[in-house]
Amino acid sequence: MQARETFSGRFAILIAAAGSAVGLGNIWRFPYLAGQNGGAAFIIIYLICVFLLGIPLMMSEFAIGRKAGRNAIGSFRSLSPGSYWYLVGFIGIVASFVILSFYSVVAGWTFEYIYQLAVNAFQNQSPQQISNYFDMFVTGNLRPVLWQVLVMILTALIIYSGVKNGIEKFSKIFMPLLLLIIIILDARALFLDGSGEGYRFLFTPDFSKITGTTIITALGQAFFSLSLGMGALITYGSYVKKDVNLGMTAIGVSIIDTIVAICAGLAIIPAVFAFGLQPGEGPGLVFKTLPVVFQQMGGGSLFGTLFFILLAIAAITSTISLLEVVVAYMTEEFSISRKWATFSSGLAITLLGVFCSLSNGILSQYKILGLTLMGLCEYLSSNILLPAGGLCIVLFLGWFYPMQLVKDELSNQNTLRIRWFGLYHFILRYFTPVAIILVFLNGFGFFYWL
Ligand code: TRP
């Protein structure tokens, strides 16, 4: 086995984990969910989910990873030898495959739109034509596949370069750029005539819009957005030095992730209102509604290109965290070289991703459980694999693993004061499992049948 790499310090893990967390989930999914679920009211519920449930789970993943110093499966094998808990890590490996295969497809779309906006291709088109372009593009087979393959090649190159020279370096260069772009876009939205209605939508809660499904959607989104439930942060945690404050890191990452999600909403929703459009389009909000906004906005080609560059950066700092889960597992458990692990797992995921992409086009008539392959991958991951993984992680640390050892890890062997530990442990034991089970039941359509 090769010697394990580490991140160079506490800033490096903060920025790498924030890179994993900040992704399509923040900039593509969060604004459209807020748009569909009543704006401010959804955001408030989301914040409660992040701070009450997300942060404790993130601390737990970091603690497991750092204590064991292994990959997602190996960590459970090392903390609980001879038990079946390693299967939790196995869920994580499957989840990385499934998430990365559809995630890389959407990431590929962002590259298509960087290109289209940079050449100002929508200049003389009607809103209907612009929105039709998206449907034509995703159902046309070759282009989305090529972009998806490009995303996977980029991801694999970064992962092949290693933890420090790949993940850490890429995140350190591109995360600040991402923050800069989002500030520029927020400022642009502020100066649009008629954006006021958008801010009202984002800041005036209408609690009549809140239903059980809203709460559960918010919780599922919180887990997805924070990269929880499948061992990505166990894997990153295993590269963290022993003197880093894990609790503070989890809080920092969650705050950055939340700020970016809200800033994405502040860039998108007011602009949508300013041009008399509606934010309830759903998944097409970013790819169908926004290009119409950019076409009509002064400097739209520039700001549009910047916006899709922002999405692409956010996506790549997340795809690398998904691939690292598999690569860490293969190199450590089977002593395969990093090169071959990256190449073979990258190739397998690319293939699954190609089928996902084609399931919007020539393969769209093949349905599994009424869903296209891409729809199925998305459904499986956010409704089943992530909650299942998250549930097992909290049950393991909350009920099976000795509490004192968790405390030792989070307090760096009693060198940090962690007065919050009691609250953390209480939430972990009682609150998170119940909440996750509710998400689960909802994913299976349980409340629908009730
Ligand atoms: N958090 C990322 C986003 O918001 C996606 C992601 C990366 C992820 N790694 C993950 C989600 C692990 C779940 C688990 O886009």
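Structure: see above.
In what follows, the accompanying structure is described. Keep in mind the model is a prediction, meaning the values are calculated, not measured.

### What about the site of the ligand?
Taken together, 18 residues lie near the ligand, and Ala-21, Gly-25, Tyr-103, Phe-224 and Ser-227 sit nearest. In this structure, an oxygen atom belonging to the ligand sits 3.3 Å away from a side-chain N or O atom of Asn-26. Between the ligand and the protein, one listed contact pairs a nitrogen atom with a backbone N or O atom of Phe-224 at 2.8 Å. Across the complex, the protein chains shield 100% of the 360 Å² of accessible surface that the ligand would expose by itself. Structurally, the ligand is housed in the largest cavity. Elements supplying a minimum of two residues to the shell around the ligand: helix 1 (10–21), helix 2 (24–36), helix 5 (86–118), helix 10 (212–225) and helix 14 (300–334). Within the shell around the ligand, the residues separate by chemical class into 10 nonpolar, 8 polar and no charged.

### A few points about the pattern of salt bridges
Counted according to the given criterion, the structure contains 9 salt bridges. When the shortest N-O distance is used, the salt bridge between Glu-333 and Arg-70 registers 3.2 Å. Taken together, the positions of Glu-333 in helix 14 and Arg-70 in the loop between helix 3 (40–68) and helix 4 (72–79) put the pair 263 residues apart, joining distant regions of the chain. A residue is classified by how much of its surface remains accessible, and Arg-70, at 25% relative accessible area, is partly exposed. When the shortest N-O distance is used, the salt bridge between Asp-135 and Lys-288 registers 3.3 Å. Placement of Asp-135 in helix 6 (residues 127–139) and of Lys-288 in helix 13 (residues 285–296) is noted, with a sequence separation of 153 residues between them. The exposure class assigned to Asp-135 is partly exposed, which follows from its relative accessible area of 34%. Here the salt bridges share partners, and the residues they tie into one network are Arg-66, Lys-242 and Glu-409.

### Structural notes on the packing of aromatic side chains
What the rule picks out here adds up to 34 aromatic pairs. Relative to Phe-308, the ring of Tyr-113 lies with its centre 5.3 Å away and its plane at 35°, an arrangement referred to as tilted. Of this pair, Tyr-113 sits in helix 5 while Phe-308 is found in helix 14, placing the two residues 195 residues apart along the sequence. You'll find Tyr-113 and Phe-308 in the same group, each marked buried. When the ring of Trp-399 is compared with that of Tyr-430, the centres are 5.7 Å apart and the planes differ by 85°; the resulting orientation is edge-to-face. Here Tyr-430 lies in helix 18 (residues 421–443) and Trp-399 lies in helix 16 (residues 373–400), a separation of 31 residues in the sequence. Feature note: the residues Trp-109, Tyr-113, Phe-122, Tyr-133, Phe-134, Phe-137, Phe-287, Phe-294, Phe-307 and Phe-308 constitute an aromatic cluster, connected by ring pairs. A cation sits over an aromatic face here: Arg-29 above Phe-224, 5.6 Å from the ring centre.

### What to know about the side chain of Thr-331
Checked against the element boundaries, Thr-331 lands in helix 14. A residue is classified by how much of its surface remains accessible, and Thr-331, at 8% relative accessible area, is buried.

### Remarks on the packing of helix 8 (residues 163–190) against helix 12 (residues 246–274)
Taken N-terminus to C-terminus, the directions of helix 8 and helix 12 make an angle of 35°; their axes are 8 Å apart at the nearest point. Once helix 8 is placed against helix 12, the crossing between them reads as left-handed. Contacts between helix 8 and helix 12 involve Leu-178, Leu-179, Ile-182, Leu-185, Asp-186 and Ala-189 on the former and, on the latter, Val-260, Cys-263, Ala-264, Leu-266 and Ala-267. Residue composition of the contact of helix 8 with helix 12, grouped by class: 10 nonpolar, no polar and 1 charged.

### A short note on the nonpolar core
Soluble globular proteins: nonpolar side chains tend toward being buried together. Counting residues in hydrophobic clusters, the biggest one holds 156 residues, and the most contacted among them are Phe-307 and Phe-308. If you tally residues by element for this core, the top one is helix 14, at 20 residues. Not counting chain neighbours up to four residues away, the residues in contact with Phe-308 comprise Thr-110, Tyr-113, Ile-114, Leu-117, Val-286, Phe-287 and Phe-294.

### Some details on empty space enclosed by the protein
Going through the model one piece at a time under the given rule, you end up with 7 cavities of 30 Å³ or more. The volume enclosed by the largest cavity comes to roughly 150 Å³. Every residue lining the largest cavity is counted, 18 residues in all, and those nearest its centre are Ser-20, Tyr-103, Phe-224, Ser-227 and Leu-322. Elements supplying a minimum of two residues to the lining of the largest cavity: helix 1, helix 2, helix 5, helix 10 and helix 14. Across the lining of the largest cavity, the residue classes break down as 10 nonpolar, 8 polar and no charged.

### Quick word on helix 13
With 12 residues, helix 13 should cover 16 Å at 1.5 Å per step; its first-to-last C-alpha distance of 16 Å lies within 8% of that length. Burial runs high along helix 13: 10 of the 12 residues are buried. When we look at burial in helix 13, the residues that qualify are Leu-285, Val-286, Phe-287, Lys-288, Thr-289, Leu-290, Pro-291, Val-292, Val-293 and Phe-294. Buried residues in helix 13 make contact with helix 2, helix 5, helix 6, helix 12 and helix 14.

### Side note on the packing of helix 3 against helix 10
Each pair of packed helices can be summarised by the angle the axes make with each other and by the distance between the axes. Between helix 3 and helix 10, the least distance of the axes is 8 Å, while the angle of their chain directions is 50°. The pairing of helix 3 with helix 10 is recorded here as oblique in orientation. As helix 3 packs across helix 10, the resulting crossing turns out to be right-handed. For the pair formed by helix 3 and helix 10, the contact residues are Phe-42, Ile-45, Tyr-46, Cys-49, Val-50, Leu-53, Gly-54 and Leu-57 on the first element and Thr-214, Ile-215, Thr-217, Ala-218, Leu-219, Gln-221, Ala-222, Phe-223 and Ser-225 on the second. Residue composition of the contact of helix 3 with helix 10, grouped by class: 12 nonpolar, 5 polar and no charged.

### Description of the side chain of Glu-409
With respect to the helices and strands, Glu-409 occurs in helix 17 (residues 403–410). Given the relative accessible area of 3%, Glu-409 is considered buried. Among all residues touching Glu-409, those that are not within four sequence positions of it are Ala-63, Arg-66, Lys-67, Lys-242 and Leu-246.

Calculation rules
- Residues numbered from 1 in each chain as written.
- Predicted model: local features only at pLDDT ≥ 70, side-chain atom pairs only at ≥ 80, totals over all residues.
- Heavy atoms only, no water.
- Near = heavy atom within 4 Å.
- Polar contact = N/O pair within 3.5 Å; in protein donor to acceptor, adjacent residues only side chain to side chain.
- Areas by Shrake-Rupley, 256 points an atom, 1.4 Å probe, with all protein chains shown as cover.
- 1 Å grid on protein atoms, 1.4 Å probe; cavity = no way out; pocket = protein on both sides within 12 Å on 5 of 7 lines; lining within 4 Å.
- Sits in = over half its atoms within 2 Å of the grid points.
- Helix = DSSP H or I, 4+ residues; strand = E, 2+ residues; numbered from the N terminus.
- Nonpolar A, V, L, I, M, F, W, Y, C, P; charged D, E, K, R; others polar.
- Salt bridge = Lys/Arg side-chain N within 4 Å of Asp/Glu carboxyl O.
- Buried < 20%, exposed > 50% of the residue type's maximum accessible area, 1.4 Å probe, protein only.
- Phe/Tyr/Trp six-rings, centres within 6.5 Å; stacked < 30°, edge-to-face > 60°.
- Lys NZ or Arg CZ within 6 Å of the ring centre and 35° of its normal.
- Axes fitted to C-alpha atoms, helices over the stretch in contact; angles between N-to-C directions.
- Left-handed = near helix turned anticlockwise from the far one by under 90°.
- Contact = heavy atoms within 4.5 Å.
- Core = buried A, V, L, I, M, F, W, Y, C linked by side-chain atoms within 4.5 Å.
- Points joined across faces, edges and corners; volume = space filled by probe spheres on them.
- Expected span 1.5 Å × (residues − 1).
- Parallel < 35°, antiparallel > 145°, perpendicular 65-115°, else oblique.

Remember, this is a structural readout, not a statement about activity or role.
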